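# Observations on chain architecture
As a plain string of letters, each chain reads:
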Amino acid sequence: MNPIESSPLTRKLSTFVALSDVDLETLARFHRRRRTFLAGHEMMHEGQSNASAYILAEGWACSYKMLPDGGRQVINFQIPGDFLGLRSILFRTSDLSLEALTDIEASEVFAPDILGAFAEAPRLATAVLWASSRDEAMMVEHLVNLGRRSAVERMAHLLLELGARLNHVGIGDRMGFSCPLTQYHLADALGLSAIHVNRVLRQLREDGLVTFRQGKVTFNNFEGLQALAGFDTGYMDHAGPLLR
């Protein structure tokens, strides 16, 4: 199989559009500039002009905004197959910061790459629009998490969402997934303290729902965790291609 056909990005976009040979050739050009970054590297900072975008191939990253008091709000965690900083090349200025959470490999893309691809392969452009729309749908759920769900429900929802996203690109399954996030990362994403995160994870473990230990999330009672979080995968749109 062509490596592009099995790449996380292709798996992700193929959910919405059955990609043609032209689409795959165009995607292959996105991967010409492969770069590596060490864990902790700031790939982009808020307010940066002329920043590149990236397609994450291996590893985890996060997008975030810093507050005047030094606090940090994690906007989302990025996994293989995700675009990093796509808005930064369309808006010309980055509206958030990006950090590599693990050692990562990513393909650097510039605005002409994206705009040229949209002109040459409109079905691919539709797939990228879908991916951006799904990211927006996830942001809606994250807003509900912070505003209306309890701490336990927030954690359950986030872990289920990460599991669904990883399963979608061929990493992890309904049993669980490898996860490099620390309690501090989870705290910054869920609006909790690290101590509160520890208590929530302990409660979920003691209730027999999910265990997060030594970099591994294990779903002990998947259906029970879904019921607790009110987790509905409809916003993830994994039902299969609408354009064939």
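Cut-offs applied
Residues numbered from 1 in each chain as written. Predicted model: local features only at pLDDT ≥ 70, side-chain atom pairs only at ≥ 80, totals over all residues. Heavy atoms only, no water. Salt bridge = Lys/Arg side-chain N within 4 Å of Asp/Glu carboxyl O. Helix = DSSP H or I, 4+ residues; strand = E, 2+ residues; numbered from the N terminus. Buried < 20%, exposed > 50% of the residue type's maximum accessible area, 1.4 Å probe, protein only. Axes fitted to C-alpha atoms, helices over the stretch in contact; angles between N-to-C directions. Parallel < 35°, antiparallel > 145°, perpendicular 65-115°, else oblique. Contact = heavy atoms within 4.5 Å. Nonpolar A, V, L, I, M, F, W, Y, C, P; charged D, E, K, R; others polar. Pairing = 2+ DSSP bridges. Lys, Arg positive; Asp, Glu negative; His and termini not counted. Polar contact = N/O pair within 3.5 Å; in protein donor to acceptor, adjacent residues only side chain to side chain. Core = buried A, V, L, I, M, F, W, Y, C linked by side-chain atoms within 4.5 Å.

## Some remarks on the pattern of salt bridges
If charged atoms from side chains of opposite charge come close, those side chains can pair. Under the definition given, this model contains 13 salt bridges. Linking D113 and R33 is a salt bridge whose minimum nitrogen-to-oxygen distance equals 2.2 Å. In this pair, D113 sits in helix 4 (residues 111-120) while R33 sits in the loop between helix 2 (21-30) and strand 1 (34-37), placing the two residues 80 residues apart along the sequence. Judged by relative accessible area, D113 falls into the buried class, the value being 15%. The exposure class of R33 is partly exposed, given its relative accessible area of 26%. With a shortest N-O distance of 2.9 Å, K65 and E46 are connected by a salt bridge.

## Describing the packing of helix 6 (residues 151-168) against helix 8 (residues 194-206)
Interhelical geometry of helix 6 versus helix 8 gives an angle of 75° and a closest axis separation of 10 Å. When the interaxial angle is binned, helix 6 and helix 8 end up roughly perpendicular. For the pair formed by helix 6 and helix 8, the contact residues are A151, V152, M155 and A156 on the first element and H196, V197, V200, L201, Q203 and L204 on the second. Split by residue class, the contact of helix 6 with helix 8 holds eight nonpolar, two polar and no charged.

## Points about the pairing of strand 8 (residues 104-109)
By the criterion of burial, strand 8 is predominantly enclosed, with five of the six residues buried. Sheet analysis places strand 1 next to strand 8, joined by four bridges and oriented antiparallel. Residue pairing for strand 8: T36 is matched across the bridge by E105. Both strand 3 (residues 53-58) and strand 8 contribute to a ladder of five bridges, which runs antiparallel. Bridge assignment links L56 to a residue of strand 8, and that residue is A106.

## Concerning the side chain of D23
Note on placement: D23 falls in helix 2. Buried within the structure, D23 lacks any salt-bridge partner; R123 is the closest side chain of opposite charge, at an N-O distance of 4.2 Å. Side-chain polar atoms of D23 contact the backbone nitrogen of S20, separated by 2.9 Å. In this structure D23 touches A18, A121, R123 and L124, once residues within four positions along its chain are discounted.

## Observations regarding the nonpolar core
Most often, soluble globular proteins have nonpolar side chains that are buried together. By size, the foremost hydrophobic cluster in this structure holds 42 residues, and its most contacted members are W60, F77, M155 and F219. Of all the secondary structure elements, the ones that give two or more residues to this core are strand 4 (61-66), strand 5 (72-78), helix 6, helix 7 (183-190), helix 8, strand 10 (210-213), strand 11 (216-219) and helix 9 (222-229). In terms of residue count, helix 6 provides more of this core than any other element does, 10 residues in total. When residues no more than four places from it in sequence are discounted, the contact partners of F219 are L159, L160, D173, R174, M175, G176, F177, L209, V210 and L225.

Everything listed here is a matter of coordinates, which is why it stays silent on function.
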